[in-house]
Amino acid sequence: MSKVYAVEGSCFVLAPCGVISQTMVDEMCDTDDKRGLVHAGGGHAVIYGPDRSPLAEKLPETEEGLIYATLDLGAIGVAKNAADPAGHYSRPDVVRLLFNNKPSRSVEHFSLPHDALEPDVNAPAER
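In this text, all values refer to a predicted model and were calculated from it rather than measured experimentally.

A.B. asks: Please clarify how the overall build of the protein should be interpreted in this entry.
C.D. replies: Across its full length, the protein carries four helices and two strands. Seen in sequence order, the protein has helices and strands lined up from the N terminus as α-β-α-α-β-α. Within the protein, the fraction of its 127 residues that count as buried is 15%. A sequence separation of at least 24 residues applies to 46% of the contacts in the protein between residues at least 6 apart. Total accessible area computed for the protein in this model is approximately 11100 Å², and 56% of it derives from carbon and sulfur atoms.

A.B. asks: Before we go on, may I ask you to explain the pattern of salt bridges in this structure?
C.D. replies: Opposite charge on two side chains lets them pair, provided their charged atoms get close. Summed over the entire model, instances satisfying the criterion amount to two salt bridges. Across the pair Lys34 and Asp30 runs a salt bridge, and its minimum N-O distance is 3.0 Å. Asp30 sits in the exposed class, given a relative accessible area of 57%. Here Asp32 and Arg35 are joined by a salt bridge, their closest N and O atoms 3.0 Å apart. Linking Asp32 with Arg35, this pair stays in helix 3 (residues 32–37), spanning three residues, or about one helical turn.

A.B. asks: Where do I start with the environment of Glu61 in this structure?
C.D. replies: Looking at where Glu61 falls in the secondary structure, it is placed in the loop between strand 2 (46–48) and helix 4 (74–83). Classification of Glu61 by relative accessible area gives partly exposed; the value is 28%. Separated by 41 residues in the primary sequence, Glu61 and Ile20 have C-alpha atoms spaced 9.5 Å apart. Filtering out sequence-adjacent residues up to four positions away, Glu61 remains in contact with Val19, His39, Ala40, Gly41, Gly42, Gly43 and His44. A polar atom in the side chain of Glu61 sits 3.2 Å from the backbone nitrogen of Gly42.

A.B. asks: Is there a simple way to think about unusual backbone geometry in this case?
C.D. replies: Trans peptide bonds make up the majority, and among non-glycine residues the majority have a negative phi. Positive phi, close to 50°, is recorded for Ser10, a residue that is not glycine. Positionally, Ser10 belongs in the loop between helix 1 (2–9) and strand 1 (13–15). What makes Ser10 buried here is its relative accessible area of 5%.

A.B. asks: What's the story with the nonpolar core in this structure? I'm lost.
C.D. replies: Across soluble globular proteins, you tend to see nonpolar side chains buried next to one another. Within the largest apolar cluster, five residues are counted, these being Ala6, Val13, Ala15, Val46 and Tyr48. Contributing elements (two or more residues each) for this core: strand 1 and strand 2. Apart from residues no more than four positions distant in its own chain, Val13 is found in contact with Ser2, Tyr5, Ala6, Val46, Ile47 and Tyr48.

A.B. asks: Is there a simple way to think about the environment of Ala82 in this case?
C.D. replies: Residue position: Ala82 is located in helix 4. For Ala82, a relative accessible area of 61% gives the class exposed. Taking the C-alpha atoms as reference points, Ala82 and Ser10, separated by 72 residues in sequence, lie 9.1 Å from one another.

A.B. asks: What should I look at first to understand the environment of Pro54 in this one?
C.D. replies: Within the secondary structure layout, Pro54 lies in the loop between strand 2 and helix 4. The sequence separation of Pro54 and Val13 amounts to 41 residues, and the corresponding C-alpha distance is 9.5 Å.

The rules we used
- Residues numbered from 1 in each chain as written.
- Predicted model: local features only at pLDDT ≥ 70, side-chain atom pairs only at ≥ 80, totals over all residues.
- Heavy atoms only, no water.
- Helix = DSSP H or I, 4+ residues; strand = E, 2+ residues; numbered from the N terminus.
- Buried < 20%, exposed > 50% of the residue type's maximum accessible area, 1.4 Å probe, protein only.
- Contact = heavy atoms within 4.5 Å.
- Areas by Shrake-Rupley, 256 points an atom, 1.4 Å probe, with all protein chains shown as cover.
- Salt bridge = Lys/Arg side-chain N within 4 Å of Asp/Glu carboxyl O.
- Polar contact = N/O pair within 3.5 Å; in protein donor to acceptor, adjacent residues only side chain to side chain.
- Core = buried A, V, L, I, M, F, W, Y, C linked by side-chain atoms within 4.5 Å.

These figures come from the coordinates and say nothing about function on their own.
Following this line, the structure appears as structure tokens:
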């Protein structure tokens, strides 16, 4: 998911992860069901660039440590130009926003043409 965040946000993503030791698993899991859901490890800390490329070597799943990366902030502008959600994707000839500022009721009851053929026994009685 971190790669998706990097691309959608055109940003750098620092994805830290906690590691669970076997001692912790033994302490927390007192049933077979719990032991089936939790296992030692869980790491995989990583740093992604705005183009989803990894900028540092991933840590092994069971290892704690620090990862470092040199960030080129110019990569953000390149990624934003590539995505361009407000540029060539913006099509006022195809999509538009209509805003009705007249007061209205929050809930309105309506029926479809085929509803007239069969009365709705669950509908509230008309007054």
